[in-house]
Amino acid sequence: DSAVNNAKLSDEEREEKARQVPHHVPPIQAFVLDFQLFNAKASMFMFRFLISFENNSDANAERVLNAAKKLIAHQSIFGTIFEFNDLSELITRYDKSVIQDLKLENISDEECEKILNMTPKPFKMLGGPLVTLRVFKTPSGVKAYFVFHHLAMDGSSVQLVMRNFVKAYLNQPM
C-alpha cells in the first residue's frame, strides 16, 4: 500500500517525504565515519572541484550565485547530517538548519589561487554538513568551488550535482 501511494507522488513530493525521516547508515559508511572520527585531521576522503566562468561581469556573478542557491535548495546533500538517534544508532537525516547562507565573495586571483591550493579544513563529521560551496568573483572570472566528504557524495553523485548546477545556471529544470 505504501509503495502504491509513493508511486502517485511527484519526484518533488517523494524527495520532500524522504527528507522528513532519518535513514540508517550502511556498514561501509559507518566504517568510513569511524575512520574519520579517529583520524580527525585526515583529508583523504575529502574531494573538491571547481567550475569556472570566464565572464566576470556582475550580472554573470549573480547568475552563478543564484544557480548555486537553487542547487543547494534542490540537492538534499547540502543539509544531510550524520548523528546518533535516541537508541544510539548511527543515522543520516536532513536538517535544513545546517545549510549554509551562500554569498558572493569578491577576491583577487591570488587569494582565489591560495584558497584552491589549500588542503580543505576537515568537516564536523557529526551534526554538520559534509558539503560546502563557495562562489568567488575574481578579476579573471567567476568560480563555483565545491568541497565534499566522500560520505556525502561519490562519483555518480558529483556528476548529478554538476549537471544540476549547469541546469540551474541555464535556468532549466533540475
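In short, a report on the structure. Just so you know, these numbers come straight off a predicted model, no measurement behind them. Sequence order sets the numbering: in each chain, residues are counted from 1 along the sequence as written. This being a predicted model, a pLDDT of at least 70 is required before a residue's local features are given, and a value of 80 or more before pairs of side-chain atoms are given or counted; all residues contribute to the totals for chains, interfaces and linings. In computing side-chain properties, one takes all heavy atoms of the structure into account and sets aside hydrogens as well as water.

## Considerations on the pattern of salt bridges
Logical step 1: Salt bridges are defined by distance alone: a side-chain nitrogen of Lys or Arg within 4 Å of a carboxyl oxygen of Asp or Glu. Under the criterion given, the structure shown has seven salt bridges.
Logical step 2: The partner of Arg 134 in a salt bridge is Glu 105, and the shortest N-O contact between them spans 2.7 Å. Placement of the pair is Arg 134 in strand S6 (residues 131-138) and Glu 105 in strand S5 (residues 104-106), with a sequence separation of 29 residues. For the purposes of this entry, the term helix denotes a DSSP run of H or I that reaches at least four residues, the term strand denotes a run of E that reaches at least two, and both are numbered from the N terminus.

## Examining the sheet that holds strand S3 (residues 80-84)
Across a sheet, paired strands are connected by hydrogen bonds in the backbone, their directions being either parallel or antiparallel.
Logical step 1: Here three strands make up an open sheet; going across it, the order is S1-S4-S3 and the pairing antiparallel. Edge positions in the open sheet fall to strand S1 (23-24) and S3, since each of these has one partner strand only.
Logical step 2: At least two DSSP bridges between two strands are required for those strands to pair. Sheet topology note: the S3/strand S4 (residues 90-94) ladder contains five bridges and is antiparallel. Counterpart to Thr 80 in the pairing with S4 is Tyr 94.

## Notes on the sheet that holds S6
Logical step 1: Pairing is mixed in the open sheet, where four strands are placed in the order S2-S7-S6-S5. Either end of the sheet is taken by a strand with one partner, and the two such strands are strand S2 (46-53) and S5. If you compare each strand with its neighbour and ignore which way they point, the axes differ by 25 degrees on average.
Logical step 2: Summarising the sheet, S2 and strand S7 (residues 141-149) pair through eight bridges and their orientation is antiparallel. What sits directly across from Met 46, in S7, is His 149.
Logical step 3: Whether two residues touch is decided by their heavy atoms; if any such pair falls within 4.5 Å, the residues are in contact. Working convention: axes come from line fits to C-alpha atoms, limited for helices to the stretch in contact. Angles between N-to-C directions cover 0 to 180 degrees. Sitting on the sheet, helix H4 (residues 58-74) is in contact with S2, S5, S6 and S7, with an inclination near 175 degrees to S6.

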